[in-house]
Amino acid sequence: MRCIIANFAFDLTAREVTEAMIGISPEPVTGPSVRIGRRTYPVKQVGAVITRQDRRDFSAGEVSRAMKRLGFTCYPAPEPTSANPVEQASGLLGGPAKDG
């Protein structure tokens with residue numbers, strides 16, 4: 001399928017994208033992400049791998065659109081947390097619940 005990313009045309013298939021991501025460890029997801037196989041990658045990481053371009057040259061939206069057209073599942077950026085890191089850690093470790 002022909003996809004335009006950073007004003008360049010790429011002929012991509014789902015298989016080529018999957019094979020390109022084999023052996024690449026996912027970076028922490030802080031923005032939009034895409035599910036490839038059993039792993040979830042940031043879309044900017046996938047875009048950099050498949051286009052061999054700098055991440056500043058394309059947007060997450062361009063890569064997300066291309067991945068959706070190829071049949072991959074894309075996710076929006078995670079919601080920001082309002083709790084500070086100490087409260088988050090306490091909650092994860094079973095700390096006391098706050099009464100509201």
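Here, every reference points to the structure presented above.
Every residue gets a number counted from 1 within its own chain, in the order that chain's sequence is written. The predicted origin of the model limits local features to residues at a pLDDT of at least 70 and limits the giving and counting of side-chain atom pairs to 80 or more, whereas totals for whole chains, interfaces and linings rest on all residues. With hydrogens and water stripped out, all remaining heavy atoms of the structure feed into the side-chain values.

A. Summary view of unusual backbone geometry. For Ala6, which is not glycine, the phi torsion reads 55° and is therefore positive. The residue Ala6 is located in the loop between β1 (2-5) and β2 (8-11) in this model. The class for Ala6 is buried, based on a relative accessible area of 11%. Of note in the backbone geometry, Arg52 takes a positive phi value of approximately 60° without being a glycine. Under the DSSP-based scheme used, a helix requires at least four consecutive residues in state H or I and a strand at least two consecutive residues in state E, with every element numbered from the N terminus. Exposure classes here rest on a 1.4 Å probe applied to the protein chains alone. A residue is buried below 20% of its type maximum, exposed above 50%, and partly exposed in between.

B. Quick peek at the state of the cysteines. The term disulfide is used for any two cysteine sulfur atoms that are within 2.5 Å. Applying the stated rule across the entire model yields zero disulfides. Its sulfur unpaired, Cys3 is 11 Å from the next cysteine sulfur, which belongs to Cys74. Since its relative accessible area comes to 1%, Cys3 is described here as buried. We classify Cys74 as buried; its relative accessible area is 17%.

C. View of the pattern of salt bridges. In what follows, salt bridge is the name for a side-chain nitrogen of Lys or Arg lying within 4 Å of a carboxyl oxygen of Asp or Glu. Enumeration over the complete set of coordinates arrives at four salt bridges. The residue Glu27 makes a salt bridge to Arg55 at a minimum N-O spacing of 2.9 Å. Of the two residues, Glu27 sits in the loop between α1 (14-20) and β3 (33-36) while Arg55 sits in the loop between α2 (43-51) and α3 (60-69), which places them 28 residues apart along the sequence. On the basis of relative accessible area, Glu27 is assigned to the partly exposed category, the value being 32%. On the basis of relative accessibility, which here comes to 31%, the residue Arg55 falls in the partly exposed class.

D. Main features of the sheet that holds strand β5 (residues 73-75). As summarised here, the arrangement of the three strands in space is β4-β3-β5, forming an open sheet in which the pairing is antiparallel. In this open sheet, the two edge strands, each paired with only one partner strand, are β4 (39-42) and β5. Taking each pair of neighbouring strands and ignoring which way they run, the sheet shows an average axis angle of 30°. Each of β3 and β4 is contacted by α2, which is oriented at about 85° to β4, the strand it contacts most. Any two strands with at least two DSSP-identified bridges between them are counted as paired. Every axis in this analysis is a line fitted to C-alpha atoms, fitted for helices over the stretch in contact. Angles between the N-to-C directions lie between 0 and 180 degrees. Every residue pair with non-hydrogen atoms within 4.5 Å of one another is taken to be in contact.

E. Highlighting the pairing of β3. Sheet analysis places β3 next to β4, joined by four bridges and oriented antiparallel. When the bridges of β4 are listed, Arg35 appears paired with Thr40. In this antiparallel pair of consecutive strands, β3 and β4, the connection spans two residues, and Gly37 shows a positive phi of 65°.

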